[in-house]
Amino acid sequence: MTRTTMRAVEISEPGGPEVLRPVERPVPDPGQGQVLIRVAYAGVNRPDALQRAGAYAPPAGASDLPGLEASGEIVAVGPGVDDRAVGDRVCALLPGGGYAEYVVTPAAHCLPMPQGMALKEAACLPETFFTVWSNVFMRGGLEAGERFLVHGGSSGIGTTAIQLGHAFGARVFATAGSDEKCVACLNLGAERAINYRSEDFVEVLKAEGGANLILDMVGGDYIARNLRALAEEGRLVQIAFLQGSKAEINFAPVMLKRQTITGTTLRPQSDLAKARIAASLREHVWPLLEAGRIGPVMDSEFALEDAAEAHARMESSAHIGKIVLRASGG
């Protein structure tokens, strides 16, 4: 490494997409157990927008720059790293800092590029696949044959959850906000796509016997509706609250139907917990990616300096799948 500065995008102040500002920053140095990645592409995710708005602070020690996933090449390794080397092409989960030409992250949070996959597509894997795998399978315990309801089916999380649920033998149901998005869900493996503007997902799932597992990022009045849509022994996994985190719930049916309400946020979890998710993904999911059975759904690409436009598109909810920023393009 000879460069000492890099292009990056910072949050100038809490606010809308317009507060994202291109800047020059020092290239970070990898610490104990970390690697330095020259970023080819960085994924754009809802938590980035929450951080931009001042509602999702980075964990202690993390970069203040947004960006929770990236693909690229390792250009330096820190002390204690023996399973990654300079020149390795990887995709990685990041504690922050992805909106830049270089980023540091724990080596254990890097995964090898799936064979046959381009850097742009690989940048879309970590945040969504870590989130879906840990919540749907490791925490939610989804099993083959179960009825699995995915809200926001056309989002990055949703398109990933549909594919993984289908690949592992679940009966997948998904909600989306337009007929076009519903068709996209069906094409990814959902057996039933529900346009929430014209149909009631509660009635659809009850007619099927109820959902065994629901993955929800909407919150608000969806929380009580999700519980009504669950079967006996059903599990609700909450990963975000686009419509608010407060709801009035009658817990009597929860007790009578022996339902479980759980949820996580990925970013604040320990480095060890994330490393365990990475190891599980490499064992169970990477073979599916390399076989072409599943893959990221791409929406659009923006230059690093155009991060504000990328955020505006994400928040318009017009996108289907993942949005990426091009830092170097590999």
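The written sequence of each chain sets the order in which its residues are numbered from 1. Local features in this predicted model are restricted to residues whose pLDDT is 70 or higher, and side-chain atom pairs enter the listing and the counts only when it is 80 or higher, whereas totals over whole chains, interfaces and linings include all residues. The side-chain quantities take in all heavy atoms of the structure and omit both hydrogens and water.

1. Focus on the pairing of strand β9 (residues 171–176)
- By the criterion of burial, β9 is predominantly enclosed, with five of the six residues buried.
- The pairing criterion for strands is at least two bridges between them, as found by DSSP. Each helix is a run of DSSP H or I of at least 4 residues and each strand a run of E of at least 2, with the numbering of both proceeding from the N terminus. Relative to β9, strand β8 (residues 147–150) runs parallel, the two being bridged by four bridges. Residue pairing for β9: Phe148 is matched across the bridge by Val172.
- Of the crossover connections in this fold, the one passing from β9 over helix α5 (residues 179–188) to the parallel strand β10 (residues 192–195) is right-handed. Per-residue accessibility, obtained with a 1.4 Å probe over protein chains only, is compared with the maximum for each type, and a residue is labelled buried under 20%, exposed over 50%, and partly exposed between these values. Handedness rule for crossovers: strands pointing away from the viewer, path from the first strand over the helix to the second running clockwise, crossover right-handed.

2. Observations regarding the state of the cysteines
- The disulfide criterion is simple: two cysteine sulfur atoms within 2.5 Å. Within this structure, the stated rule accounts for zero disulfides.
- Of the cysteine sulfurs around Cys110, a residue in no disulfide, the closest is that of Cys91, at 8.3 Å.
- For the unlinked cysteine Cys182, the closest cysteine sulfur is that of Cys185, found at 6.0 Å.

3. Side note on the packing of aromatic side chains
- Think of it this way: a Phe, Tyr or Trp ring, Trp meaning its six-membered ring, pairs with another when their centres are within 6.5 Å, and the plane angle makes it stacked under 30 degrees, edge-to-face over 60, tilted otherwise. Considering all chains together, one arrives at four aromatic pairs under this definition.
- Ring centres of Trp133 and Phe137 lie 4.5 Å apart, and the angle between their planes is 25 degrees; this geometry places the pair in the stacked category. A residue pair is termed a helical-turn pair when its members lie 3 or 4 positions apart in one helix, as Trp133 and Phe137 do in helix α3 (residues 126–139) at four residues.
- On the accessibility criterion, Trp133 (5% relative accessible area) is buried.
- Judged by relative accessible area, which is 15%, Phe137 ranks as buried.
- Within the aromatic cluster, the residues linked to one another by ring pairs are Trp133, Phe137 and Phe168.
- Above the ring of Tyr222, the side-chain terminus of Arg225 is found at 5.1 Å from the ring centroid.
- Criterion for a charge above a ring: Arg CZ or Lys NZ at most 6 Å from the ring centre, at most 35 degrees from the ring normal. Of note, Arg267 hangs over the ring of Tyr56, and the distance from its end group to the ring centre comes to 5.5 Å.

4. A look at the layout of surface pockets
- A 1.4 Å probe that fits into a set of points on a 1 Å grid over the protein atoms alone but cannot get out defines a cavity; an open set with protein on both sides within 12 Å along at least five of seven lines defines a pocket, and lining residues are those with an atom within 4 Å of a point. Grid points are joined across faces, edges and corners, and a volume is the space filled by probe spheres set on the points. Within this model, the largest pocket holds a volume of roughly 1200 Å³.
- Arg46, Met217, Val218, Ala240 and Leu242 are the residues nearest the centre of the largest pocket, which is lined by 47 residues in total.
- Secondary-structure elements contributing two or more residues to the lining of the largest pocket are α1 (46–52), α3, α4 (156–167), β9, α11 (307–316) and β15 (322–326).
- Looking at which element gives the most residues to the lining of the largest pocket, the answer is α1, with five residues.
- Of the residues in the lining of the largest pocket, the class split is 20 nonpolar, 19 polar and eight charged.
- By volume, the second largest pocket amounts to about 360 Å³.
- Lining the second largest pocket are 25 residues, with Gly61, Ala62, Ser63, Pro95 and Val104 positioned closest to its centre.
- Counting residues per element, the ones that place at least two in the lining of the second largest pocket are β2 (20–26), β6 (102–106) and α9 (271–284).
- Considering every element that reaches the lining of the second largest pocket, the biggest residue donor is β6, with five residues.
- Class assignment of the residues belonging to the lining of the second largest pocket gives a composition of 13 nonpolar, eight polar and four charged. Three classes are used: nonpolar for Ala, Val, Leu, Ile, Met, Phe, Trp, Tyr, Cys and Pro, charged for Asp, Glu, Lys and Arg, and polar for all others, with Gly counted as polar.

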